[in-house]
Amino acid sequence: MTNPTSIARLNSRALIAISGEDWRTFLQGLITQDVESLAAGELRFAALLTPQGRLMYDMFLVGRAEGAWLEVEAGQREALILRLSMYRLRAKVKIEADETPVFAAYGADPGAGWLADPRLSALGWRGYGLDVSATADEAAYDAHRLGLGVPGPADWTGETTYPIEANFDLLNGIDFKKGCFVGQETTSRMKRRGQIKSRMLPLVFEGAAPASGAEVLNGELRAGEVLSGARGRAMALVRLDRIGGELTADGRTVRAETPGWFA
């Protein structure tokens, strides 16, 4: 019987090891997720923001017996290490690259050693340094994620997006009860006032994805912008008050879809 679990090695992701006696307090004041209560073997979704509250880096926070791993975009790892080093000052913290491989699994429960994806249970699991063989490629995993309407790092490049626009608040990426973190004031104010005009939602259409950056139009009104995508489906940052009625992008009809987890 064929194993229904799909496993992909995520070559676009890499690890940073954080250790030292001050590692918890160091990270606690920086990222959007609570670090003080993180237990070994626990996985949390988080971000590092600009002081103005815009997304710089997404990450998974992996609790370990002595410190933590930060799972980040591989192409941004060195820049993030430099950024964290700037914040370190006199804190007793060690920050270094770690070459342990990153895997994702989805479908049937893959068993022991895997950590449930904290964003959404349907996304599956994350695995680090496991003795497993890939049964799917990273593109297949991205298609799985996109099918669930969950945005990814390609959708928030350039430090122009607020984390709430990228649905981090709905995907367990922000702890609003923790203490201060970089960019907290803007983030908390947006959530508290409830005046969230734009969010990332999937677009459904026929054929190839519209070009990244293409305008989404509701008649003659700008309704949003296409971000990353694949055949038949893409992510877009859209105005929530303009997604009713007929939408177009690149001159083609598209439809904004509201995922079941979106609330």
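Residue numbers run consecutively from 1 along every chain, following the written order of its sequence. In keeping with the predicted nature of the model, local features appear solely for residues at pLDDT of at least 70, side-chain atom pairs appear and are counted solely at 80 or more, and the whole-chain, interface and lining totals rest on all residues. Only hydrogens and water are set aside; all other atoms, that is, all heavy atoms of the structure, feed into the side-chain values.

In this description, strands pair whenever DSSP reports at least two bridges between them. A run of H or I in DSSP becomes a helix once it reaches four residues, and a run of E becomes a strand once it reaches two; helices and strands are each numbered from the N terminus. With antiparallel pairing, 4 strands are arranged side by side in an open sheet as β1-β7-β9-β8. The open sheet is flanked by β1 (6-9) and β8 (115-116), the only strands paired with a single partner. Across 4 bridges, the pairing between β1 and strand β7 (residues 102-106) is antiparallel. Along β7, the bridge assignment pairs R9 with F103. Note on definitions: a residue-residue contact is assigned when non-hydrogen atoms from the two residues lie within 4.5 Å. Here an angle of 0 to 180 degrees is reported between the N-to-C directions of two axes, which are lines fitted to C-alpha atoms, with helices fitted over the stretch in contact. With respect to the sheet, helix α3 (residues 138-147) is in contact with β1, β7 and β9 (125-128), its orientation differing from that of β7 by roughly 50 degrees.

A few words on the sheet that holds strand β6 (residues 94-98). Ordered by their spatial adjacency, 5 strands build an open sheet running β3-β4-β5-β2-β6, and the pairing between neighbours is antiparallel. Two strands lie at the open edges of the sheet, namely β3 (43-49) and β6, each paired on one side alone. The average angle at which neighbouring strand axes cross in this sheet is 30 degrees, direction not considered. The pairing of strand β2 (residues 13-19) with β6 spans 5 bridges and is antiparallel. By the bridge assignment for β6, L15 is matched with D98.

Put simply, a nonpolar core is a bunch of buried Ala, Val, Leu, Ile, Met, Phe, Trp, Tyr and Cys residues held in one set by side-chain atoms that sit within 4.5 Å of each other. Under the scheme applied here, a residue whose accessible area is under 20% of the maximum for its type counts as buried, over 50% as exposed, and between as partly exposed, the area being computed with a 1.4 Å probe on protein chains only. Core analysis: the biggest nonpolar cluster contains 53 residues, and Y128, F168, L203 and V216 have the highest contact counts within it. Other than its neighbours up to four places away in sequence, F168 contacts F45, A46, A47, L55, D58, W156, P163, G173 and I174. Listed in part, the 24 residues of the second largest apolar core include I16, F26, M56 and M59.

Turning next to the environment of W261. By the element assignment, W261 lies in the segment after β15 (252-256). Judged by its relative accessible area of 19%, W261 falls in the buried class. Through-space distance from the C-alpha of W261 to that of D58 is 20 Å; in sequence the pair is 203 residues apart. Think of a polar contact as two N or O atoms within 3.5 Å of one another; within protein, one of them needs to be a possible hydrogen donor and the other a possible acceptor, and neighboring residues in sequence only count if both atoms come from side chains. Among the polar contacts listed, one links the side chain of W261 to the backbone oxygen of L148, at a separation of 2.8 Å.

A word on the pattern of salt bridges. By convention in these notes, a salt bridge is any Lys or Arg side-chain nitrogen within 4 Å of a carboxyl oxygen on Asp or Glu. Per the counting criterion, the structure on display carries 20 salt bridges. Ionic pairing is found between R13 and D58, a salt bridge with its closest N-O pair at 3.0 Å. In this pair, R13 is assigned in strand β2 and D58 in strand β4 (residues 55-64), connecting sequence segments 45 residues apart. A relative accessible area of 3% means that D58 is categorised as buried. The closest approach of N and O atoms between R189 and E185, which form a salt bridge, is 3.8 Å. Of the two residues, R189 and E185 both sit in helix α4 (residues 184-193), 4 residues apart, roughly one turn of that helix. A residue is classified by how much of its surface remains accessible, and R189, at 28% relative accessible area, is partly exposed. Connected via shared salt-bridge partners are R13, D58, E71, E73, D117, R119 and R126.

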